[in-house]
Amino acid sequence: MIYNLLLKLSLAPSYLWDALWAPVWKACMKHCGRGVYLRPMSSDIKGLQNLTIGDGTSIPKGSTFYCTNAPLTIGRKVIFGPRPTIITGDHRIDILGKYIIDVTDDEKLPGNDAAVVIEDDVWIGANVTILKGVTIGHGSVIAAGAVVTQSFPPYSIIGGVPARLLKMRFTEEEQKENDKLLYGVKDYN
């Protein structure tokens, strides 16, 4: 009994530190919706000016989001498992006579950075990595450990390294019905 209480008390400083700083980080984002759960001091988030998060989304501690030169847009009601990684860019590696680390942002090519969009109602499992230029359609599920390097349509169930479409959550008719129930429209797009 006492050990359970001590265990809970040991978690309080980290939680309180995050709770103190979360409003500041949210204010620095391009946009942050209502009811967003965020653990900024327990995560590694760079490029807040390019980060948009929709209403009711939960960003867990241990998240790594790098969106310094391209936007990262996370929709409404998105849930993440532990330790997600999303990176909207990479390094230029084709300059002779220069170490990769010495290549500046001014020397990057347009293709070195590309937006990542995660639409509404997506569940991203534990330890998922999503790389530049990817759009995840609404209502999709990404299996734990997946490395996502390409875009997927709404209601996809995605998994693997590299990630591939495993199956669709719903039939086409069920997708339309779900969109109508959730969004009040015949077609989400």
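Residues numbered from 1 in each chain as written. Predicted model: local features only at pLDDT ≥ 70, side-chain atom pairs only at ≥ 80, totals over all residues. Heavy atoms only, no water.

**Student:** Mind showing me how you'd approach unusual backbone geometry here?
**Tutor:** Most peptide bonds take the trans configuration, and most residues that are not glycine carry a negative phi. Note that the residue after Val161, namely Pro162, is joined by a cis bond; omega there is -10 degrees. Phi at Asp121 takes a positive value of approximately 60 degrees, unusual for a residue other than glycine. One non-glycine residue, Tyr155, lies in positive phi territory at about 65 degrees. Of note, Tyr155 is situated in the loop between strand S15 (147–148) and strand S16 (156–159). On the basis of relative accessible area, Tyr155 is assigned to the buried category, the value being 1%. (Helix = DSSP H or I, 4+ residues; strand = E, 2+ residues; numbered from the N terminus. Buried < 20%, exposed > 50% of the residue type's maximum accessible area, 1.4 Å probe, protein only.)

**Student:** I'm lost on the pattern of salt bridges in this one. Help?
**Tutor:** Pairs can form between side chains of opposite charge whenever their charged atoms are close. A complete count under the given rule lists 10 salt bridges for this structure. A salt bridge links Lys108 to Asp113; the nearest nitrogen and oxygen atoms lie 3.1 Å apart. Note on accessibility: Lys108 and Asp113 belong to one class, buried. Between Lys176 and Glu172 there is a salt bridge; the shortest N-O distance is 3.9 Å. With a gap of four residues between them, Lys176 and Glu172 both fall in helix H2 (residues 172–183), about one helical turn apart. (Salt bridge = Lys/Arg side-chain N within 4 Å of Asp/Glu carboxyl O.)

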